[in-house]
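Coordinate inspection notes
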Amino acid sequence: MNRRRNFWKRADIRLRMSCRKLTERQRAAVLLALLLPFLAGCVYTVGTALQGFGERDGPGPEVEHIRPIGITYGIKKMNEKEQAENRHENEHRKTQDAAEAASAQGRRQAAD
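My aim in this report is to walk through the structure given alongside it, one point at a time. (Residues numbered from 1 in each chain as written. Predicted model: local features only at pLDDT ≥ 70, side-chain atom pairs only at ≥ 80, totals over all residues. Heavy atoms only, no water.)

1. Quick word on the overall build of the protein
Scanning the protein from N- to C-terminus turns up 3 helices and 0 strands. Out of the 112 residues in the protein, the part that is buried amounts to 0%. When the accessible surface of the protein is summed, it comes to about 11600 Å², and 58% of that surface belongs to carbon and sulfur atoms. (Helix = DSSP H or I, 4+ residues; strand = E, 2+ residues; numbered from the N terminus. Buried < 20%, exposed > 50% of the residue type's maximum accessible area, 1.4 Å probe, protein only. Areas by Shrake-Rupley, 256 points an atom, 1.4 Å probe, with all protein chains shown as cover.)

Right under this line is the structure:
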């Protein structure tokens, strides 16, 4: 472990010493030479990510509803058929309630 640490420390010292020997103009040139490929990579990455953004080739993602996980806690466990029937009844009741509320609101607006 100590050998590995010494290797990195020596490499760091050598790099710092060689950078100190450079003039300001040479330091700027080295910085520019290192910065340009990095900047080109960033622009390429962002460009490819945004290419075709917002286009729809197909129907889009499929939306799935959250399903119950079936924890019973002492309640009678229902089989899949009973669960499907209950789910259908609940969905039907919700849509029916929504339709009744909408028609009642329409009647109130017509009365006004």
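2. Looking at a nonpolar patch on the surface
Among the surface-exposed residues, Leu-32, Leu-36, Leu-39 and Val-43 lie close enough to one another that they form a single nonpolar patch of about 380 Å² accessible area. Structurally, Leu-36 can be placed in helix H2 (residues 24-50). (Patch = residues over 30% accessible without salt bridge, like charges linked within 9 Å, V, L, I, M, F, W, Y side chains within 5 Å. Salt bridge = Lys/Arg side-chain N within 4 Å of Asp/Glu carboxyl O.)

3. What about the packing of aromatic side chains?
Within this structure, the stated rule accounts for 1 aromatic pair. Between Phe-7 and Trp-8, the ring centres sit 5.3 Å apart and the planes meet at 70°, which makes this aromatic pair edge-to-face. (Phe/Tyr/Trp six-rings, centres within 6.5 Å; stacked < 30°, edge-to-face > 60°.)

4. Things to note about the pattern of salt bridges
Summed over the entire model, instances satisfying the criterion amount to 3 salt bridges. The salt bridge involving Arg-27 is made with Glu-24; its shortest N-O contact spans 3.4 Å. Separated by 3 residues within a single helix, Arg-27 and Glu-24 lie in helix H2, roughly one turn from each other.

5. What about H2?
Across its 27 residues, H2 extends 38 Å between first and last C-alpha, which sits within 8% of the 39 Å expected from 1.5 Å per residue. Remark: Gly-52 follows H2 within two positions and exhibits a positive phi of approximately 75°. (Expected span 1.5 Å × (residues − 1).)

6. Points about helix H1 (residues 2-20)
Over its 19 residues, H1 extends 27 Å from the first C-alpha to the last, a length consistent with the 27 Å expected when each residue adds 1.5 Å. For H1, the tally of buried residues reaches only 0 of 19 residues, placing the bulk of the element at the surface.

This is a description of form; function is not addressed.
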